[in-house]
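The residues making up each chain are set out below.
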Amino acid sequence: MGMTLTEKILARHSGREHVNPGDTVWVDVDVLMTHDVCGPPAISIFQREFGENARVWDREKLVIIPDHYIFTNDKFANRNVDILRAFAAEQDLPHFYDVGTDRYKGVCHVALPEEGFTRPGEVLFGTDSHTCTAGAFGQFATGIGNTDAAFIMGTGKLWVKVPETMRFVFGGASLPPYLMAKDIILRIIGDIGVDGATYRTMEFAGEGVKAMTMEDRMTLTNMAIEAGGKNGVVEPDQITEKYVKARTDKLYEPVYSDPDAHYHSEYFYNLEEMVPMVAKPHSPDNKATAEELEGVKLDRAYIGSCTGGKLSDFRAAAGIIRGNKLKIDTYIVPATTEIARGLETETLLGTPLIEIFREAGCKIGNASCAACLGGPSDTFGRLNQEEVCISTTNRNYPGRMGSKAARVYLASPYTVAASAVTGVITDPRVFIQETVI
Amino acid sequence: MTTKSAHIAGKAFVLGKNVDTDQIIPAAHLVYSLTDPEERKLYGKYALSGVPSSESGLPNGNIPFINGDACESEYSIIVASDNFGCGSSREHAPACLEIAGIKAIISPSYARIFYRNSVDGGFLTPYESVGDLSEAVQTGDELEIDPAIPALVNHTQNTSHRLKPLGSVADIVNAGGIFAYARETGMVPK
């Protein structure tokens with residue numbers, strides 16, 4: 001019997017001809033990524049277990065991207081970056097994106113593709129649950145803890161239970177003009193639940209996916225973890241190749257699911273019949289349509305994170321915000337420094353995106369994770385009290401963005417922008433019919 | 001390192017479903033050192049501090065997991081509903097529960113990364129219950145886990161419940177974590 005894309009990658013990296021779901025295999029790791037929150041404890045476990053003077057298994061394969069707690073005065077958070085800096089120097093690591101230098105990038109999950117580390121057919125582990133984002137490039141990518149990361153640092157290997165694959169097939173030639181990948185993934189998570197894909201792969205397929213940009217695909221795979229998925233994956237194609245080859249010279253070998261591969265389950269969605277979606281407090285699977293929630297009063301809007309802080313997300317939001325004064329405080333946080341530069345250079349009807357946001361009264365932060373996960377009390381955009389926020393981020397469990405008393409609604413950049421203009425949850429179709437995007 | 005599949009006894013702390021890693025240890029507290037003894041205690045102090053008050057210590061809620069300025073809890077076994085530990089990959093989540101004194105968790109299902117971190121780091125044993133026990137157990141009940149069967153005995157209510165065998169991770173749990181297991185099997189030099 002054939003194998004799915006994920007099974008093929010795990011077979012190849014464990015030296016087997018064939019694997020079946022449920023098999024436990026030791027895989028060779030192509031890339032290990034860590035950041036400022038989990039890097040320091042992973043490093044200390046590595047040194048405890050392999051010795052103070054141990055060297056990492058392959059300095060070319062370890063990528064360290066501080067991004068979570070960067071623009072804060074918290075002394076403990078700053079110390080964590082110092083620990084990474086010292087380790088990178090000691091190990092002479094070529095892929096360390098230090099804070100305060102030209103190399104600083106911002107959010108790891110968007111920086112990894114930008115820097116050419118998301119290559120089809122490879123295995124990527126990261127000490128962050130949203131590492132699954134890289135599956136958009138046909139890579140096996142998943143989140144791990146500090147101990148597993150330390151084990152990889154010393155051995156270059158990790159045990160993996162081969163997951164079953166759930167297949168989500170999208171019909172329809174392309175996304176309708178009012179719909180974003182975020183709406184689709186919120187709908188799927190709402191349908192299958194926050195544990196609907198636990199221990200499994202979510203494979204996104206069909207003509208609808210082939211028509212999506214890499215950024216759209218990354219939004220889908222990014223939130224596989226919000227359904228409990230081990231990884232999310234999209235088969236590589238010409239769009240993938242074009243993106244990756246522009247960012248790296250390294251050779252890679254794409255793999256594809258066999259026509260006779262076995263799937264745990266298959267779901268079909270017609271993109272043309274889908275509508276803007278929202279996840280209500282306090283769970284990503286608490287689904288409603290934007291239309292059903294029209295009029296819910298808001299205090300704040302937030303556009304940022306690995307899920308919703310990419311250049312296409314800001315282009316979409318700018319199309320709606322342009323020429324409007326916003327009714328509520330609206331925070332803009334580009335995921336990476338490259339995207340921050342894009343806000344200056346990309347224009348909409350002749351105006352740079354950043355000017356559109358400034359003129360509307362948005363508060364604009366530096367590239368980082370910022371308030372997506374709360375963080376220290378001085379974090380930009382953090383919810384510190386009983387506030388209601390609509391956000392392009394990926395999680396809205398109690399206290400995720402700061403205060404337990406806050407309520408967070410998750411939505412696409414279109415819906416968040418439309419809601420920022422009106423001050424209440426608003427279906428973006430109202431704006432998109434009258435706006436040039 | 002202690003064997004995590006040993007006999008475990010103590011008071012129950014009961015939680016609901018989808019207790020995510022931000023509730024287990026809010027992101028603001030992920031900054032302390034896990035190796036500095038004084039800072040390490042803070043992870044115990046803030047364990048489960050993100051759980052909404054009404055959900056903390058079921059069935060009645062409003063029971064603090066940690067009293068006042070203490071860094072250890074009087075409870076040693078968590079009984080929860082579905083999908084315990086969903087969300088972030090932060091290993092600080094199982095670590096903080098161990099630091100607070102938790103020896104085992106009993107839940108019908110776990111989020112994958114939390115489960116793996118609990119086992120590979122050797123922090124605590126995540127037992128899977130047969131069905132949801134979060135309504136059969138009350139916070140404060142005196143519990144005992146017999147790992148040989150395996151079963152949960154509730155001495156307060158005079159009941160017992162079967163638990164699922166640990167399965168493929170039993171060797172790692174019994175070894176005390178992935179490093180101990182890898183040394184036993186020769187993957188990493190002793």
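Residues numbered from 1 in each chain as written. Chains lettered and ligands numbered in written order. Predicted model: local features only at pLDDT ≥ 70, side-chain atom pairs only at ≥ 80, totals over all residues. Heavy atoms only, no water.

Identification of chain B as 3-isopropylmalate dehydratase from Rhodohalobacter mucosus is taken from an unreviewed UniProt entry. As its UniProt record puts it under Subunit (unreviewed entry), chain B is described as follows: "Heterodimer of LeuC and LeuD." Of chain B, the UniProt comment under Function (unreviewed entry) reads exactly: "Catalyzes the isomerization between 2-isopropylmalate and 3-isopropylmalate, via the formation of 2-isopropylmaleate." (UniProt positions renumbered as here; feature names shortened; annotations may be inferred.)

The name given to chain A in an unreviewed UniProt entry is 3-isopropylmalate dehydratase, with the source organism recorded as Rhodohalobacter mucosus.

Visitor: Help me understand unusual backbone geometry, please; the structure alone is not making it clear to me.
Guide: A negative phi holds for most residues other than glycine; trans holds for most peptide bonds. All names here are of chain A. Each neighbour pair has its own omega, and for proline 281 with histidine 282 the value is -5 degrees, a cis peptide bond. Within the secondary structure, histidine 282 is located in the loop between strand E11 (277-279) and strand E12 (287-289). Notably, serine 305 is not glycine yet its phi reads approximately 85 degrees, a positive angle. Residue placement: serine 305 occurs in helix H10 (residues 305-308). A positive phi is found at alanine 370, a non-glycine position, where the angle reads about 45 degrees. (Helix = DSSP H or I, 4+ residues; strand = E, 2+ residues; numbered from the N terminus.)

Visitor: Mind showing me how you'd approach the UniProt feature "domain: Aconitase A/isopropylmalate dehydratase small subunit swivel" (unreviewed entry) in chain B here?
Guide: The UniProt feature table records "domain: Aconitase A/isopropylmalate dehydratase small subunit swivel" (unreviewed entry) at residues 74-125 of chain B. Annotation note: span residues 74-125 of chain B, helix share 33%, strand share 19%, distance between end C-alpha atoms 18 Å.

Visitor: What's the story with the nonpolar core in this structure? I'm lost.
Guide: Nonpolar side chains in soluble globular proteins tend to end up buried together. In this structure, Phe125(A), Phe357(A), Phe84(B) and Leu97(B) are the most contacted members of the largest nonpolar core, which totals 147 residues. Here the element with the most residues in this core is helix H11 (residues 311-321) of chain A; it accounts for seven residues. Residues lining this core come from more than one domain, with at least three contributed by each of domain 1 (5-248 + 263-270) and domain 2 (277-430) of chain A. Residues Leu179(A), Met202(A), Ala279(A) and Ala370(A) belong to the second largest nonpolar core, which totals 44 residues. (Core = buried A, V, L, I, M, F, W, Y, C linked by side-chain atoms within 4.5 Å. Buried < 20%, exposed > 50% of the residue type's maximum accessible area, 1.4 Å probe, protein only. Domains from an automatic or database assignment.)

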